[in-house]
Amino acid sequence: MPLFVLAETPAGYGLFKAKDKKLLSRDDIAEQLSSAEAINSMLSLRKMVKFEDSAQALSEYSSLTEGKVTPLLQQLLDDIKEERKASIAVADPKLGAAINVLPELQISPVSDSTTNDLFRAIKTYLPELFPELDSDYLGNMALALSHSISRHKIKFSPDKVDIMIVQAIKLLDDLDKELNNYAMRVKEWYGWHFPELDRILNDNLAYARVIEHMGIRENAANTDLSEILPEDLETRVKAAAEVSMGTEIGGIDLDNIKLLAEQVISFTEYRQQLSLYLTSRMKALAPNTTEVLGELVGARLIAHTGSLMKLAKSPGSTIQVLGAEKALFRALKTKHDTPKYGLIYHSSLVGQATGKNKGKIARMLAAKAALCLRVDALSDLSNEGIDGADIEIDDDERADMGIRLRANLEDKLRKLEGKPLVSRGAKIAPVGATPSKFEVKPKRNYNADADAPISEPNKTPSKPLIQEVEDTPMADGDSDESESEDEADAAIHRSARRHEEKEARKHAAREAKKASKKEASTPATPSGKLTEADYARLADEAGISVKKFKRKFERGDVKMGSDGSPQVISKKDIKKQKKEEAKAAKAAAAEADDAEVEADKSSKKKRKHNDDDTEKKSKKKSKK
């Protein structure tokens, strides 16, 4: 049973015949083939087929990696097809399986671990096994083939679209940073000339377009800003321009400010275009992941791991904490609680959950995202029909799994939050709310018939704390005993009364403390709803921005003076007021304690006096 060896080299194929039929069954193959003379004595070259150039070598390599037998290799194997009960050693198991199914050959391929030492020795002493080939020629062919393989892999890489998504999301983040810096610089620069415009316009793009169209503030009255701003904001801008307190600027300064404003406008428009491009690429590459996580979160996860395939190989627990590695390892080192979410926190589903349910929904979302990633990375939805014609595949069909999992997660989130489930046919908005048609609802009137007087609770007559007791003449014998019993009952009543007075004082102190806290936390504020014009007027009178005044007004930190002017209470004043009230409550509690101590002392003195009286009476009685 002869043994043949197939060697794959950068210069061509080589077919060797082993002189020892039981070469592969030896345990000391590495020792037997430790030199060039030894390997030449064990193997003899039967035939060699050379490659014409590096292009042919690349095509042969591509076919071998896919487990295919090429015509050139078939030509080499035809030389031994007349051999019976022969075996051939092959390095690649896929190639061995392909050779085994050839109908013309009656040869059994061997491609297991027993051939490793043999092929290692062949690669080591390759120039000595092919004396016809120069060593420099083999080196040049190996270098050319390696370069061709690298170019081929880059050109036909299945991850090449991942690179586009990674670059797009990184550029989007860089654009956001630079755009914020440019917009801040424009507002600071133009704010010296027109400082009131920053309070009126919060949008950076609208601010830059107003500068580009209006120029200096004196042109505001003659400039039409209806295409940029709504009517109310345009009116406010023109009114503020007439009474602006800014400085004057020259023409050169204005030209440079306009150039910077144009950069802000161009960057903003390019960012919108880049966002649309990223959305389309994510829907094409990972439609199910995009449906579950969103395009931005999905793209950031892909960029964090490097490729879609690497992310698809990660379990759900890893996807949940991606982006929070530093916090995770710090928690493991200090033996604290590990983080519940990383980049997945910015998903809309996690944002809709309340604090106690964010960790649960993040864990469920990561598990479903892992399934969607594996489907997007490994499945191949073919658009070829039975007759070979192309079939149009809808985007919803490609993202069917993601849509179903998204609806399932939304139902689970509503159950966790205690909200009613949405019907199957209802559409879900991106923020989780069900979009409804705008309807004019009638105003609810006040129902006066539902009013009822508050019934006063039945007051039980309470005994007065102090009662007058009539003095009775002393009697001897039984009268003295009854008097001592009456005095004991009176002492018991006095102690109970003191306990009631103590509890009443404590209750009053607690009520006063609660009332002071309530007054401190809710200062007097103007009642009723204010319009935007009222907010602007009151903010100008208070000397702060409209946004800050609105926040303080809703929080209850604004008081109205007697003349109608607003008074903004700072956090420092509120803290001082709370400290003073706490001191007053503490002093009241101390006074109550002092009064209680004095009452106890006086009661002890009275009890001692009563005890002395009873002793005297008992002595008089015994003398009698």
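Structural data are supplied above this passage.
Summary of the structure given here.

About the cut-offs
Residues numbered from 1 in each chain as written. Predicted model: local features only at pLDDT ≥ 70, side-chain atom pairs only at ≥ 80, totals over all residues. Heavy atoms only, no water. Helix = DSSP H or I, 4+ residues; strand = E, 2+ residues; numbered from the N terminus. Buried < 20%, exposed > 50% of the residue type's maximum accessible area, 1.4 Å probe, protein only. Patch = residues over 30% accessible without salt bridge, like charges linked within 9 Å, V, L, I, M, F, W, Y side chains within 5 Å. Areas by Shrake-Rupley, 256 points an atom, 1.4 Å probe, with all protein chains shown as cover. Salt bridge = Lys/Arg side-chain N within 4 Å of Asp/Glu carboxyl O. Lys, Arg positive; Asp, Glu negative; His and termini not counted. Charge placed at Lys NZ, Arg CZ, Asp CG, Glu CD. Phe/Tyr/Trp six-rings, centres within 6.5 Å; stacked < 30°, edge-to-face > 60°. Core = buried A, V, L, I, M, F, W, Y, C linked by side-chain atoms within 4.5 Å. Contact = heavy atoms within 4.5 Å. Polar contact = N/O pair within 3.5 Å; in protein donor to acceptor, adjacent residues only side chain to side chain. Pairing = 2+ DSSP bridges. Axes fitted to C-alpha atoms, helices over the stretch in contact; angles between N-to-C directions. Parallel < 35°, antiparallel > 145°, perpendicular 65-115°, else oblique. Nonpolar A, V, L, I, M, F, W, Y, C, P; charged D, E, K, R; others polar.

**Description of the environment of Met214**
Thinking step 1. Structurally, the position occupied by Met214 is in helix 11 (residues 204–214).
Thinking step 2. For Met214, a relative accessible area of 2% gives the class buried.
Thinking step 3. A sequence separation of 11 residues divides Met214 from Leu225, and the C-alpha atoms of the two residues are 8.2 Å apart.

**Focus: a positive patch on the surface**
Thinking step 1. Residues Lys547, Lys548, Arg551, Lys571, Lys572, Lys575, Lys576, Lys578, Lys579 and Lys583 make up a contiguous surface patch of positive charge.
Thinking step 2. Of all the secondary structure elements, the ones that give two or more residues to the positive patch are helix 25 (546–555) and helix 26 (571–623).
Thinking step 3. By the element assignment, Lys548 lies in helix 25.

**So, the packing of aromatic side chains**
Aromatic ring pairs: the centre-centre distance and the angle between the two ring planes describe each pair.
Thinking step 1. One pass over the full model with this rule turns up 7 aromatic pairs.
Thinking step 2. Summarising the aromatic geometry, the rings of Tyr13 and Phe51 are spaced 5.4 Å apart at their centres and angled 85 degrees between planes, so their arrangement reads as edge-to-face. With Tyr13 in strand 2 (residues 12–18) and Phe51 in the loop between strand 3 (43–50) and helix 3 (54–65), this residue pair connects regions lying 38 residues apart in the sequence.
Thinking step 3. Classification of Tyr13 by relative accessible area gives buried; the value is 1%.
Thinking step 4. The class for Phe51 is buried, based on a relative accessible area of 6%.
Thinking step 5. Here the aromatic rings of Tyr190 and Tyr207 are separated by 6.4 Å at their centres, their planes lie at 90 degrees, and the arrangement is edge-to-face. Within this pair, whereas Tyr190 is found in helix 9 (residues 160–191), its partner Tyr207 is found in helix 11, the two being separated by 17 residues in sequence.

**So, the nonpolar core**
Thinking step 1. Among the nonpolar cores identified, the biggest contains 39 residues, and Leu278, Met282, Val292, Leu293, Leu301, Leu311 and Leu365 are the most heavily contacted of them.
Thinking step 2. For this core, the elements supplying multiple residues, two or more each, are helix 9, helix 13 (251–285), helix 14 (287–293), helix 15 (295–305), helix 16 (308–312), helix 19 (348–352), helix 20 (358–378) and helix 22 (400–417).
Thinking step 3. The greatest single-element share of this core, amounting to 8 residues, is contributed by helix 20.
Thinking step 4. If near-sequence neighbours (up to four positions away) are discounted, Met282 is found in contact with Ile165, Pro287, Thr290, Glu295, Gly298, Ala299 and Ile302.

**Examining the environment of Ser545**
Thinking step 1. For Ser545, the location among the structural elements is in the loop between helix 24 (532–542) and helix 25.
Thinking step 2. Accessibility expressed as a relative area gives 27% for Ser545, which makes it partly exposed.
Thinking step 3. Ser545 sits 347 residues away from Asp198 along the chain, and the two C-alpha atoms are 9.7 Å apart.
Thinking step 4. Side-chain polar atoms of Ser545 contact the backbone nitrogen of Lys548, separated by 3.3 Å.

**What about the pattern of salt bridges?**
Thinking step 1. Taken as a whole and judged by the stated rule, the model has 10 salt bridges.
Thinking step 2. In this structure, Arg217 and Glu218 form a salt bridge, with 3.9 Å as the shortest nitrogen-oxygen distance.
Thinking step 3. Note that Asp400 is salt-bridged to Arg404, the shortest N-O span being 3.2 Å. One end of the pair is Asp400 and the other is Arg404, both in helix 22 and 4 residues apart, which spans about a single turn.
Thinking step 4. A relative accessible area of 39% places Asp400 in the partly exposed class.
Thinking step 5. By sharing partners, the salt bridges in this structure join Arg217, Glu218 and Glu248 into a single network.

**What to know about the pairing of strand 5 (residues 107–110)**
Thinking step 1. Bridge count between strand 4 (residues 86–89) and strand 5: 4 bridges; the pairing is parallel. Residue pairing across strands places Ser87 opposite Ser108, the latter belonging to strand 5.

**Observations concerning a negative patch on the surface**
Thinking step 1. A contiguous patch of negative charge on the surface is contributed by Glu291, Asp394, Asp395, Asp396 and Glu397.
Thinking step 2. The biggest single contributor to the negative patch is helix 21 (residues 395–398), with 3 residues.
Thinking step 3. Relative to the helices and strands, Asp396 is located in helix 21.
Thinking step 4. Classification of Asp396 as partly exposed rests on a relative accessible area of 48%.

**Description of the packing of helix 24 against helix 25**
Thinking step 1. At a minimum axis separation of 9 Å, helix 24 and helix 25 run at an interaxial angle of 100 degrees. On the basis of their axis angle, the class for helix 24 and helix 25 is roughly perpendicular. Where helix 24 abuts helix 25, its residues Glu532, Tyr535, Ala536, Leu538, Ala539 and Ala542 lie against Val546, Phe549, Lys550 and Phe553.
Thinking step 2. Grouping the amino acids of the contact of helix 24 with helix 25 by side-chain chemistry returns 8 nonpolar, no polar and 2 charged.

**Regarding the pairing of strand 2**
Thinking step 1. Burial analysis of strand 2 places 6 of its 7 residues in the buried class, which makes it a mostly covered element.
Thinking step 2. The sheet contact formed by strand 1 (residues 3–9) and strand 2 spans 6 bridges and is antiparallel. Bridge pairing in strand 2 places Glu8 opposite Tyr13.
Thinking step 3. The turn linking strand 1 back onto strand 2 is made up of 2 residues.
Thinking step 4. In the sheet, strand 2 pairs with strand 3 via 7 bridges, with the strands oriented antiparallel. Paired with Gly14 across the bridge in strand 3 is Met48.

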